[in-house]
Amino acid sequence: MESGDGRDSDDIAYEDRIRSSSLSELEDMSAHVDSGEYPLRAQKLLEEIGRRRAGPVRQSDRRTPEKAVPASVSRRLWASLIDLFIHLLILGALFLAGWLAVQLISSLGSDAPPAAVSARRGPSPLRQFAEGLLAGDPAAWKNREQWIRVGLVTLSFLVFRALFTVPAWVRTGSTPGMREVGIRLTRPTGESVGLSRALARFWGQCLLFGLTLGVSAFWMIWDPRRQALQDKLTDTRVVREQRTWEKTDEDRVYD
């Protein structure tokens, strides 16, 4: 059945579907539509995708800096725990893959059976070092070799985390954990953070956390702008942002 302008009911329904779909859904539809069989639909899809990309970003927390709500301590803490869990999973998977690769190479490199490894008796040096610190042993506190080893391991882990965290802040302002709880890192003016600012915030956060024994992370509790010390240092804010399922249909079409 055709309308007064020559379009059938299927085309009209398809246009209604285009208007109610998000940008990512439109791009998926455009990749699968048969432009030879349905040229009008393909044209409408391209026009709508171009209009959405050229239009303003319609995300409620990004409209004006004044309307941005500071993120609560609980949300920021929960986001940090989620990100830490994800990073530990990735690190564990990498260690497992490396261990399996070493075992495979060792088994292929020699036809002779591997020599039996004698079981180490007693606690490891690292365990002895940790137990000595807890017991207040002066020798443990003066063990420079173990302190250097612990420092290198800690630095390596922080570099590993930075490789995932800093690019996420630069690209979208949110890590996976931050997106899950609905918060975002931004400038007070509403602009996104750049690479140098993101690097300064990450390493400043680590340094301040160590120097203040964690007090820097909870500075936001009594700060009127809900900024932690690393936010004040780098002139950044962590604000609430609506998650996809919290957005209205009007805002969702620009995702």
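In this text, all values refer to a predicted model and were calculated from it rather than measured experimentally.

Definitions and limits used
Residues numbered from 1 in each chain as written. Predicted model: local features only at pLDDT ≥ 70, side-chain atom pairs only at ≥ 80, totals over all residues. Heavy atoms only, no water. Patch = residues over 30% accessible without salt bridge, like charges linked within 9 Å, V, L, I, M, F, W, Y side chains within 5 Å. Areas by Shrake-Rupley, 256 points an atom, 1.4 Å probe, with all protein chains shown as cover. Salt bridge = Lys/Arg side-chain N within 4 Å of Asp/Glu carboxyl O. Helix = DSSP H or I, 4+ residues; strand = E, 2+ residues; numbered from the N terminus. pLDDT = per-residue confidence, 0-100. Contact = heavy atoms within 4.5 Å. Phe/Tyr/Trp six-rings, centres within 6.5 Å; stacked < 30°, edge-to-face > 60°. Buried < 20%, exposed > 50% of the residue type's maximum accessible area, 1.4 Å probe, protein only. Expected span 1.5 Å × (residues − 1). Bend = angle between axes of the 7 residues up to and from the residue.

(A) Structural detail: a nonpolar patch on the surface. Together, Leu155, Val159, Leu163, Phe164, Leu195, Leu199 and Trp203 give the surface a local cluster of nonpolar side chains, amounting to about 630 Å² of exposed area. Secondary structure elements with two or more residues in the nonpolar patch: α7 (144–171) and α9 (195–211). In terms of residues, the nonpolar patch owes the most to one element, α7, which gives four residues. With respect to the secondary-structure elements, Leu199 resides in helix α9.

(B) Broad picture of the confidence of the model for the chain. Summary statistics for the chain give a mean pLDDT of 78 and a share of 77% for residues scoring 70 or more. Scored below 50 in pLDDT, residues 57–63 makes 17 contacts in the model with residues more than four places away or belonging to other chains. Taken together, the stretch residues 115–119 has pLDDT below 50 and engages in zero contacts with residues farther than four places along the chain or on a different chain.

(C) Highlighting the packing of aromatic side chains. Here the structure, examined in full by the defined rule, presents four aromatic pairs. Aromatic pair Phe202 and Trp203: ring centres 5.1 Å apart, planes at 90 degrees, arrangement edge-to-face. Among the residues examined, Phe202 registers a relative accessible area of 6% and is labelled buried. Under the relative-accessibility criterion, Trp203 is labelled partly exposed at 32%.

(D) Examining unusual backbone geometry more closely. At Arg226, a position not held by glycine, the phi torsion is positive, near 55 degrees. Within the fold, Arg226 resides in the loop between α9 and α10 (229–234). Even without a glycine there, the phi angle at Asp235 is positive, about 55 degrees. By the secondary structure assignment, Asp235 is in the loop between α10 and β2 (237–240).

(E) Region of interest: α7. An ideal rise of 1.5 Å per residue puts 40 Å on 28 residues; α7 measures up with 40 Å between its terminal C-alpha atoms. The largest bend along α7 reaches roughly 35 degrees and is located at Ala162. For α7, every residue scored as buried is listed here: Gln146, Phe160, Arg161, Ala162, Thr165, Val166, Ala168 and Trp169. One or two positions beyond α7, positive phi appears at Gly173, with a value near 85 degrees.

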